[in-house]
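Residues per chain, in single letters:
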Amino acid sequence: MIAVVDYKAGNLTSVVKALNFLGARKIVVTQDQGVVRSASKVVLPGVGHFQATQLLADLGLTEAVRESIAKGAWFLGICVGLQWLFEGSTEAPGIAGLGHFAGMCERFPALFEGVELKSPHVGWNSVEGVKTDSRLLCGVKDGGFVYYTHSWRAPVVEATAAVTNYGGGFTAVVERENVMGVQFHPEKSSAVGLQVLRNFVEL
């Protein structure tokens, strides 16, 4: 079973539609701790402000996700869902992330190399430095294009599986063992995005 976590901030319909298209057998959209704990895979979509992730703690879902990950369930965070895997974000300084990966998410700089940088970062951009041992990125070629819409970004860390360059490099994909995240929207990223989701479904 794939549990798609509903914290009132994700583009659930398009994610579920994409998973169904790829043949995922059982998908449950949920806010139930028990469902998350019993799922073999968990997806956390996300759109909007990091503040919305506070609901995960309020509903007891943060601990449910920790337990699910600890027992070996596969986890995929999308957009804000990826950012939540880190310690937190300057977008909502008082809200803690899961802390699975070290570092804070920060806003794009107003200037980069002396040039004004538009924020949010919206549109198609490429993933670079794709790690060949990444399970999530199996079959994704270096330089493949994906669709973004975000103003905050995660730092590049040891577990970064691919980067995108916009105002410097940031984590496009993060992956360590059974925990994965993508900053882009795979459900809107054409063939590359579908390949990423297919890889997750087939784990």
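Above this note sits the structure.
Analysis parameters
Residues numbered from 1 in each chain as written. Predicted model: local features only at pLDDT ≥ 70, side-chain atom pairs only at ≥ 80, totals over all residues. Heavy atoms only, no water. Pairing = 2+ DSSP bridges. Helix = DSSP H or I, 4+ residues; strand = E, 2+ residues; numbered from the N terminus. Axes fitted to C-alpha atoms, helices over the stretch in contact; angles between N-to-C directions. Disulfide = S-S within 2.5 Å. Buried < 20%, exposed > 50% of the residue type's maximum accessible area, 1.4 Å probe, protein only. Core = buried A, V, L, I, M, F, W, Y, C linked by side-chain atoms within 4.5 Å. Contact = heavy atoms within 4.5 Å.

**Q** Please clarify how the sheet that holds strand β14 (residues 179–182) should be interpreted in this entry.
**A** Within a sheet, adjacent strands bond to each other through the backbone by hydrogen bonds, running parallel or antiparallel. Spatial strand order, β2-β1-β3-β4-β14-β13-β12: seven strands in an open sheet with mixed pairing. Because the sheet does not close on itself, it has two edges, and the strands there are β2 (27–30) and β12 (160–165). Strand-to-strand, the axes of this sheet are offset by a mean angle of 20 degrees, without reference to chain direction. One ladder, built from four bridges, connects strand β4 (residues 74–78) with β14; its direction is parallel. Looking at β14, one finds that L76 is bridged to M180.

**Q** Where do I start with unusual backbone geometry in this structure?
**A** The omega torsion of the bond from S119 to P120 falls at 10 degrees, within 30 degrees of zero and hence cis. Of note, P120 is situated in the loop between β8 (115–116) and β9 (121–126). A positive phi angle, near 55 degrees, is found at E113, a position not held by glycine. Positive phi is not limited to glycine here, since E177 has a value of about 55 degrees. Along the chain, E177 falls in the loop between β13 (169–176) and β14.

**Q** Any chance you could explain the state of the cysteines here in plain terms?
**A** Between two cysteines, a covalent bond joining their sulfur atoms is known as a disulfide. Applying the stated criterion across every chain yields a total of zero disulfides. In this structure C105 is not part of a disulfide, and its nearest cysteine sulfur, from C79, lies 10 Å away. Judged by relative accessible area, C105 falls into the buried class, the value being 0%.

**Q** Honestly, the nonpolar core in this entry has me stumped. Any pointers?
**A** Within soluble globular proteins, side chains that are nonpolar tend to cluster in buried spots. Counting 66 residues, the largest nonpolar core has F75, V127 and V173 as the members making the most contacts within it. Once you skip the residues sitting within four places of it in the chain, V173 turns out to touch L136, L137, A159, T160, A161, A162, G181, V182 and F184.

**Q** When you look at the environment of H49 in this model, what are you seeing that I'm missing?
**A** Along the chain, H49 turns up in the loop between β3 (41–44) and α3 (54–58). Since its relative accessible area comes to 38%, H49 is described here as partly exposed. Between the C-alpha atom of H49 and that of S151, which follows or precedes it by 102 residues, the distance is 9.6 Å. Sequence-distant contacts of H49, that is, excluding residues within four places in its chain, are made with E91 and A92.

**Q** I tried to follow the sheet that holds strand β5 (residues 88–89) on my own but got confused; where do I start?
**A** With respect to topology, three strands assemble into an open sheet ordered β5-β6-β11, the strand pairing being mixed. Two strands bound the open sheet, and with one partner strand each, they are β5 and β11 (152–153). Bridge count for strand β6 (residues 104–107) against β11 is two bridges, and the pairing is antiparallel. Across the sheet, R107 pairs through a bridge with W152, a residue of β11.

**Q** Help me understand the environment of A39, please; the structure alone is not making it clear to me.
**A** By secondary structure assignment, the location of A39 is in the loop between α2 (33–38) and β3. Counting along the chain gives 125 residues from A39 to T164, while the straight-line C-alpha distance between them is 31 Å. What A39 contacts, discounting residues up to four positions off in sequence, is M1, A3, S68, K71 and A73.

By themselves, these are just geometric observations and shouldn't be taken as functional.
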